[in-house]
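Observations on the three-dimensional arrangement
Residues per chain are reported as follows:
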Amino acid sequence: MLTHALLLLTLVAPDARLIDTISVDAVMGHLRAFQSIADRHGGNRAAGLPGYDASADYVAARLREAGYTVELQPFTFEFFREIRPALLKGRRAFKGVTTLRFSGSGDVTGRPVGAGDGCQAADFGRAARRAVGVVSRGSCSFRVKAEHAARAGVAALVVANQRGEQGTFKGSLVVPQRLPVVGVSHEAGRQVLRQGGVRVVTRTRTDRRTTRNVIAQTAATSPGRVVMAGAHLDSVPEGPGINDNASGSAALLELAIRLGRTTPERPVRFAWWGAEEQGLIGSKHYVARLSERQRERIEVYLNFDMIGSPNHTYAIFDGDDSDKKGAKAGPPGSARAERYFQRYFDARGLPHHGTDFKGNSDYDPFLKAGIAVGGLFTGAGDLKTAEEARRYGGTAGRAKDPCYHEACDKLANVNEKVLEATSNAMAHVVSKYAWPRT
Ligand code: DTR
Ligand code: ZN
Ligand code: ZN
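Reference entry: report on the structure contained in this document. (Residues numbered from 1 in each chain as written. Chains lettered and ligands numbered in written order. Predicted model: local features only at pLDDT ≥ 70, side-chain atom pairs only at ≥ 80, totals over all residues. Heavy atoms only, no water.)

**What to know about the environment of Q35**
Looking at the element boundaries, Q35 is found in helix α2 (residues 24-40). As a C-alpha pair, Q35 and I242 span 207 residues in sequence and 6.8 Å in three-dimensional space. Leave out the neighbours within four places in its chain, and Q35 touches P240, I242, K410 and L411. (Helix = DSSP H or I, 4+ residues; strand = E, 2+ residues; numbered from the N terminus. Contact = heavy atoms within 4.5 Å.)

This is how it looks when you write it as C-alpha cells:
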C-alpha cells in the first residue's frame, strides 16, 4: 500500500521543484576528486595540461552516468608556461625576478641601458642594440614596451616596478614575444643600471593548444528559454585550484546530477569553461559561436567562480546597479537574478553585498552579448576590510583567499560552511528559473 502511494506520488509529481537539496558532502566528494586529479597530474589542473583533461573527463563521466549527452566543445588558445624561474645576474644574482607571461626564452648578456618607461619607440636609442633594456613599469602596456624594445634590437628587457611600490610584480605581454622580459622591484631596477653588464636567463614555453568546454543540458516539460549556469574548470599552473575554481565546478556538477533525475519546466544548460585563467577564452569562444537566435534563447547566465573562500564575504553580482558603483546595470533581467540570490541569503540570515561587473570572470562575454547575468563570488586575493570582518567574521587585513593562485589552494583552503551556503543558493536560484511558475 505504502509503495503504491509512493509510486503514485512520483507519477503525479515527477517534476517536484528542486530547492536547497544540494548535499555539501557530495560537493566535497567532487572537490576531493579534483584534488586527487591535481595530485596525480603535476599539482595543477591548468588548461593545456593533463590535469585539466582529467578534470573534464571526470565531469563528463559523472554527467553521462546521470543520463546527459555531453558536448565537449574544442577551441584553441595560446598556452604559456614558465619552465624555470628567471635569472638576472650582475656582480650578484638579483632576488625576486619574475618572468612576464608570454616572455620569450633566452640566455643573454649585455650592457644595461635605461629607456625611460619604454612607451615611445624613441626611448630605445641606438645604444640599446644588443643591450639589456631597463624600463619602468606604467604609462603603457608591457606589450608596447616589449615591442619597442624588440624593434630597437634589445637583447632582453627588464621592467622595474614603479617608485613607491614594494617588490616585484606579475604581468602579461598578452601576445607571445621572442624577447626575454622580466620584472624586478624599483630598487633592483636602479641597481641593474649601475652594473657594467648583466645576464638575463628565461626558460618559457609558448604554443597553440586545444582544450575543451564541457556542456550538458537537461530535458524540459515545456519549451522556453534556457537558464544557463557556468563555472570555469581550469586552474592556474601554480596550483590545484580547489577554491578557484573546483568549488564552483563541483557545486555545479552536483546540481547537474540532481537535476538529471527530474525534468524541469525549462531547460537548464550547464557549462564548465576551459582556459578562463588565460583570459576567459572558453566562455568567449562559446558566446562568439552562438547565433543571434541562440543568444536570445538564453534567459540568464549565472556564474560561479570561487564560492568557498576561507576568509569569505558573500558577493552577489550587482545586476541592477543599485550600488551605483563602477559598471552600469547588467542587461535587462540581471536584476532578477540578483534579487533571487539576495532573498536566499536574507531568508537564512546570511549577510551579503553587491559586487560590480568588472569583467573578471566568464559572465563577461555573456554580458557583452546583452544576455542577463548573475552569480556569486566569495573573494580572491583582496584584503578583508574591518567593516567586512564585522559583518562576516573572519580576519580583517587578510586576503579573502590567501592561497589565491598559489600552490596552497588545496582542499584545506575551502570553507565547507561557505560552500554549503553558496551551493544551495546556486541550486535555489537555478531552480527558480527552471520552474518559473512555482
Ligand atoms: N578572475 C577570477 C577571480 C576573480 C577575481 N575577482 C572576481 C570577481 C568575480 C568573480 C571572479 C573573480 C579568477 O582568478 O579565476
Ligand atoms: Zn583564477
Ligand atoms: Zn576563477
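**Structural notes on the coordination of the zinc ion (ligand 2)**
Around the zinc ion (ligand 2), the protein contributes the donor atoms D244 (OD), E277 (OE), E277 (OE) and H405 (NE2), at 1.9 to 2.6 Å from the metal centre. Every donor counted, the six donor atoms about the zinc ion (ligand 2) form angles of 54 to 155 degrees at the centre, which fits irregular coordination. Of note, the donors binding the zinc ion (ligand 2) are all from one chain and are spaced D-x32-E-x127-H. Between the zinc ion (ligand 2) and the zinc ion (ligand 3), both coordinated by D244, there is a metal-metal distance of 3.5 Å. Here E277 lies in the loop between β10 (268-273) and α7 (281-288) and D244 lies in helix α6 (residues 242-259), a separation of 33 residues in the sequence. There is no split in this pair, since D244 and E277 are both buried. (Donors = N, O, S within 2.8 Å, 3.2 Å for Na, K, Ca; no water. Tetrahedral: all angles 85-135°; square planar, octahedral: opposite > 155°, others 65-115°. Buried < 20%, exposed > 50% of the residue type's maximum accessible area, 1.4 Å probe, protein only.)

**So, the coordination of the zinc ion (ligand 3)**
The protein atoms donating to the zinc ion (ligand 3) are H232 (NE2), D244 (OD), D305 (OD) and D305 (OD), with metal-donor distances spanning 2.0 to 2.7 Å. Along the chain, the residues that donate to the zinc ion (ligand 3) are spaced as H-x11-D-x60-D.

**Overview of helix α12 (residues 416-434)**
Since the α-helix packs 3.6 residues into each turn, any two residues three or four apart lie on the same face. Spanning 19 residues, α12 covers 26 Å between terminal C-alpha atoms, matching the ideal 27 Å at 1.5 Å per step. Taking burial as the measure, the 19 residues of α12 include 15 buried ones, the bulk of the element. Backbone nitrogen of K417 and a side-chain oxygen of the N-cap are separated by 2.9 Å at the start of α12; the cap is N415. (Expected span 1.5 Å × (residues − 1). Polar contact = N/O pair within 3.5 Å; in protein donor to acceptor, adjacent residues only side chain to side chain.)

**A few points about the pairing of strand β7 (residues 181-184)**
Working note: regular strand, side chains alternate between the two faces of the sheet. The two faces of β7 match: V181 and G183 on one face and V182 and V184 on the other face are all buried. Both strand β2 (residues 98-99) and β7 contribute to a ladder of two bridges, which runs antiparallel. Opposite T98, over in β7, you have G183 as the bridge partner. Relative to β7, strand β6 (residues 156-160) runs parallel, the two being bridged by four bridges. (Pairing = 2+ DSSP bridges.)

**Here we look at the site of ligand 1**
Lining the immediate surroundings of ligand 1 are H232, D244, E276, E277, D305, M306, F317, N360, S361, F377, Y404 and H405. Within the side chain of E276, one N or O atom sits 2.9 Å away from an oxygen atom of ligand 1. The separation between an oxygen atom of ligand 1 and a polar side-chain atom of E277 is 3.2 Å. Bound to the protein, ligand 1 loses 88% of the 370 Å² it would expose on its own. (Near = heavy atom within 4 Å. Areas by Shrake-Rupley, 256 points an atom, 1.4 Å probe, with all protein chains shown as cover.)

**A word on the nonpolar core**
Ranked by size, the top nonpolar core spans 63 residues in total, and within it F34, L63, Y68, F270, W272 and L302 carry the most contacts. The contact partners of W272, leaving out residues within four places of it in the chain, are Y52, V59, L63, N213, V214, A231, L233, S249, L252, L253 and A256. Counting residues in hydrophobic clusters, the runner-up holds 18 residues, among them F80, A128, V159 and V181. (Core = buried A, V, L, I, M, F, W, Y, C linked by side-chain atoms within 4.5 Å.)

**Here we look at the pattern of salt bridges**
Considering all chains together, one arrives at 14 salt bridges under this definition. Among the salt bridges present, the one from D207 reaches R209, with a minimum N-O distance of 2.7 Å. Using a relative accessible area of 18% as the deciding quantity, one classes R209 as buried. Taken together, the shared-partner salt bridges in this structure form one network comprising R205, D207 and R209. (Salt bridge = Lys/Arg side-chain N within 4 Å of Asp/Glu carboxyl O.)

**Describing the environment of C403**
Within the secondary structure, C403 sits in the loop between α11 (386-392) and α12. In the structure, C403 is positioned 10 residues away from N413 in sequence and 7.1 Å away in space, judged by C-alpha atoms. Setting aside chain neighbours within four positions, we find C403 in contact with C408, D409 and N413.

**Re the packing of aromatic side chains**
As enumerated under the stated definition, the model contains 19 aromatic pairs in all. Between the aromatic rings of W273 and F366, the centroid separation amounts to 5.9 Å while the plane-to-plane angle is 50 degrees, which identifies the pairing as tilted. With a gap of 93 residues between them, W273 in strand β10 and F366 in helix α10 (residues 363-368) connect regions that are remote in the sequence. W273 gets classed as buried once you look at its relative accessible area, which sits at 0%. Ring pairing ties together the aromatic residues W273, Y286, Y301 and F366, which thus form one cluster. In this structure, R137 is placed above the aromatic ring of F169, and the distance from its NZ or CZ to the ring centre is 4.4 Å. Taking NZ or CZ as reference, R209 lies 3.6 Å from the ring centre of F79, over its face. (Phe/Tyr/Trp six-rings, centres within 6.5 Å; stacked < 30°, edge-to-face > 60°. Lys NZ or Arg CZ within 6 Å of the ring centre and 35° of its normal.)

**Observations concerning the side chain of T99**
Relative to the elements of secondary structure, T99 occurs in strand β2. Looking at T99, its side chain comes within polar contact range of the side chain of E82, at 2.5 Å.

**Considering the packing of α2 against helix α3 (residues 50-65)**
At their nearest, the axes of α2 and α3 sit 9 Å apart, and the two run at 150 degrees to each other. Here α3 runs roughly antiparallel to α2, going by the angle between their axes. Considering only the axes of α2 and α3, their crossing is right-handed. Across the interface between the two elements, G29, H30, A33, F34 and I37 from α2 touch G51, A54, S55, Y58 and V59 from α3. The class makeup of the residues in the contact of α2 with α3 is six nonpolar, four polar and no charged. (Axes fitted to C-alpha atoms, helices over the stretch in contact; angles between N-to-C directions. Parallel < 35°, antiparallel > 145°, perpendicular 65-115°, else oblique. Left-handed = near helix turned anticlockwise from the far one by under 90°. Nonpolar A, V, L, I, M, F, W, Y, C, P; charged D, E, K, R; others polar.)

**Brief notes about unusual backbone geometry**
Of all residues except glycine, most have a negative phi; of all peptide bonds, most are trans. Of the consecutive residues D244 and N245, the connecting peptide bond is found in the cis state with omega at 0 degrees. Considering the arrangement of structural elements, one finds N245 in helix α6. Phi angles above zero are rare outside glycine, and L280 is one such case at about 55 degrees. If you trace the backbone, L280 turns up in the loop between β10 and α7.

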